[in-house]
Amino acid sequence: MAKQNQWYLFILVIGVFGILTTEMGVIGILPLIAENYHVTVSKAGLLVSLFALAVSIAGPTMPLLFSGLNRKKVMLLVLGIFILGNIISMFTSNFTVLLMARVLPAFFHPVYCSLALTIAATSVSKEEAPKAVSKVMLGVTGGMVLGVPITNYIATEGTVELAMLFFAIVNALAFIATLLFVPSMPIKERLTYGSQLSVLKKPIAWLAIVAVVFIGSASASVNSYIAEYLESVTHISGKTLSLVLLLYGLASLVGNIAGGRLLSKNAIKTVILFPFILGIIYLLSFLTGAFTGPMIITVLLWGLFYAIGNLISQHWISSAVPEAPDFANGLFLSCCNLGITIGTAIGGMFISGMGTQYIVLGGVLFLVLSLFPILLRIFFFSAAKKQLL
């Protein structure tokens, strides 16, 4: 049974990786998309920001709507929608159609990811649940960061259309594996909509939500334009850019492991220190961005703390509303993607108004803002404080 659960988890990781790669992979090819579809880089950024906005809207609602249906059928439905959207993206030459083919599937993104986290937690014993969830989160991190260099390499060496084909293939592999190897998963017991929504009456939940949105915005305002930053400020392009983005992805995988250990050791200290450390890194990158060597080191740090920030966000939401884990996972996805929407938009404004180098200042601003709800929660909710220690 243990081996069977591990196999299910592996399929879930592939599915999550495919969906997150579809979402975040385009970050590495925004300049190429802008050129291919004859739009500005800021307008191409809508492929990221509007996708994330759709996820943030659907995060609290769509998992609830599908919570009573057979989980296997829901997973197949979502993966099928993503495959169709990617196929349309391959063949369209119209930017508006491309945008619609990405945004419409995005509404189903939180359905699959919330489901994957829930299935992972319930597929093993209560004691082993955190480890199972961390494996799915590794797929999330991998999709977010490794999808960027892989997509960049495919598009640079081939075409943008081939990159869209890559998205379709990964989602199709997950679809086939789910169809053949995942058993039927009918729902036996479920929480009512009202009992899950009632957690929003808790002030601690809203402090967590605001903090996570700002943390997501701080990361996205910089990371959404990492390829543009390296090309225009550091003057790295072509295969070298793909290599640097790959290093960024590998650093994020390390950050996923490190973040889990730091949170287990001292969650409060980790959460408080995060905005300060990442803020210092952003300011240093502003000063050294034009120098290749220091900037590569900075990119490694960006990747490391990008993953740590994701883990902090998931922990901060789930620990605030432990009585509704499914809804908490939806809120986590919603808040992160709302942060991506806001951060990408603000980053685009900095690029248009001041220049690409100044996007890090937007990241620092959001990190400062995130400190207020973090500190309020820690100092005014002693029960939560004891739970996190």
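Notes on the structure in this doc start here. Everything numeric in this text was worked out from a predicted model, so none of it was measured.

1. Let's talk about the overall build of the protein chain
A tally of helices and strands in the protein chain yields 20 helices and 0 strands. Each principal axis of the C-alpha atoms in the protein chain carries an extent, and together these give about 55 × 50 × 35 Å. Across the 389 residues of the protein chain, 57% fall into the buried class. Pairs at least 24 residues apart make up 84% of the contacts formed inside the protein chain by residues separated by at least 6 positions.

2. Regarding the state of the cysteines
The full count for this structure, using the stated rule, is 0 disulfides. Just so you know, C113 is unpaired, no disulfide at all, and the nearest cysteine sulfur is the one on C336, 11 Å from it. We note that C335 lacks a disulfide partner, and the nearest cysteine sulfur, in C336, lies 7.0 Å from it.

3. Some thoughts on the packing of aromatic side chains
Within a pair of aromatic rings, the relevant descriptors are the distance that separates the centres and the angle that separates the planes. One pass over the full model with this rule turns up 10 aromatic pairs. Between Y229 and W302, the aromatic rings sit 5.6 Å apart at their centres with planes inclined by 70°, giving edge-to-face as the arrangement. Of this pair, Y229 sits in helix α14 (residues 226-232) while W302 sits in helix α17 (residues 292-320); the two residues are 73 residues apart in sequence, bridging distant segments of the chain. W302 matches Y229 in its accessibility class, with the two residues each being buried. Of the residues examined, W302 reaches a relative accessible area of 1% and is grouped as buried. Pairwise contacts between aromatic rings join Y229, Y282 and W302 into one cluster. If you follow R377 out to its NZ or CZ, it ends over the ring of W316, 3.8 Å from the centre.

4. Remarks on a nonpolar patch on the surface
A surface patch of nonpolar side chains, about 610 Å² in accessible area, is lined by W7, F10, I176, L179, L180 and F181. Contributing elements (two or more residues each) for the nonpolar patch: α1 (2-24) and α11 (160-181). As for its position among the elements, F181 is in helix α11. Accessibility expressed as a relative area gives 44% for F181, which makes it partly exposed.

5. Overview of helix α4 (residues 46-58)
With 13 residues, α4 extends 18 Å from end C-alpha to end C-alpha; this agrees with the ideal 18 Å at 1.5 Å per step. If you check which residues of α4 are buried, you get L47, V48, S49, F51, A52, A54, V55, S56 and A58.

6. Let's talk about the side chain of R102
Locating R102 in the fold gives a position in helix α7 (residues 95-106). One buried charged residue, R102, remains without a salt bridge, the closest side chain of opposite sign being E23 at 6.8 Å. At a separation of 3.0 Å, a polar atom in the side chain of R102 contacts the main-chain carbonyl oxygen of E23. Leaving out residues up to four positions away in the same chain, R102 has contacts with T22, E23, V26, L47, F51 and S89.

7. Considerations on the packing of helix α13 (residues 203-223) against helix α19 (residues 359-380)
At a minimum axis separation of 8 Å, α13 and α19 run at an interaxial angle of 165°. Judged on the interaxial angle alone, α19 and α13 are roughly antiparallel. Relative to α19, the crossing made by α13 is left-handed. Contact residues: I204, L207, A208, V210, A211, F214, I215, S217, A218, S221 and V222 in α13; I359, V360, G362, G363, F366, L367, L369, S370, P373, I374, L376 and R377 in α19. Tallied by class, the residues present in the contact of α13 with α19 amount to 17 nonpolar, 5 polar and 1 charged.

8. Quick notes on the nonpolar core
Core analysis: the largest hydrophobic core is formed by 125 residues, its most contacted members being I33, Y112, L230, W302 and I317. Sequence-distant contacts of I317, defined by excluding residues within four places in its chain, comprise A208, I209, V212, A328, L331, F332 and C335.

9. What to know about the packing of α13 against α17
Relative orientation of the contacting elements α13 and α17 amounts to 165°, with a least axis distance of 9 Å. Relative to α17, the element α13 is oriented roughly antiparallel. Our pair here, α13 against α17, has a crossing hand that is left-handed. Counted together, I204, A205, A208, I209, A211, V212, I215, S219, V222 and N223 of α13 and W302, Y306, G309, I312, S313, W316, I317 and A320 of α17 form the full contact between these two elements. Partitioned by chemical class, the residues of the contact of α13 with α17 number 14 nonpolar, 4 polar and no charged.

Rules used in this analysis
Residues numbered from 1 in each chain as written. Predicted model: local features only at pLDDT ≥ 70, side-chain atom pairs only at ≥ 80, totals over all residues. Heavy atoms only, no water. Helix = DSSP H or I, 4+ residues; strand = E, 2+ residues; numbered from the N terminus. Buried < 20%, exposed > 50% of the residue type's maximum accessible area, 1.4 Å probe, protein only. Contact = heavy atoms within 4.5 Å. Disulfide = S-S within 2.5 Å. Phe/Tyr/Trp six-rings, centres within 6.5 Å; stacked < 30°, edge-to-face > 60°. Lys NZ or Arg CZ within 6 Å of the ring centre and 35° of its normal. Patch = residues over 30% accessible without salt bridge, like charges linked within 9 Å, V, L, I, M, F, W, Y side chains within 5 Å. Areas by Shrake-Rupley, 256 points an atom, 1.4 Å probe, with all protein chains shown as cover. Salt bridge = Lys/Arg side-chain N within 4 Å of Asp/Glu carboxyl O. Expected span 1.5 Å × (residues − 1). Lys, Arg positive; Asp, Glu negative; His and termini not counted. Polar contact = N/O pair within 3.5 Å; in protein donor to acceptor, adjacent residues only side chain to side chain. Axes fitted to C-alpha atoms, helices over the stretch in contact; angles between N-to-C directions. Parallel < 35°, antiparallel > 145°, perpendicular 65-115°, else oblique. Left-handed = near helix turned anticlockwise from the far one by under 90°. Nonpolar A, V, L, I, M, F, W, Y, C, P; charged D, E, K, R; others polar. Core = buried A, V, L, I, M, F, W, Y, C linked by side-chain atoms within 4.5 Å.

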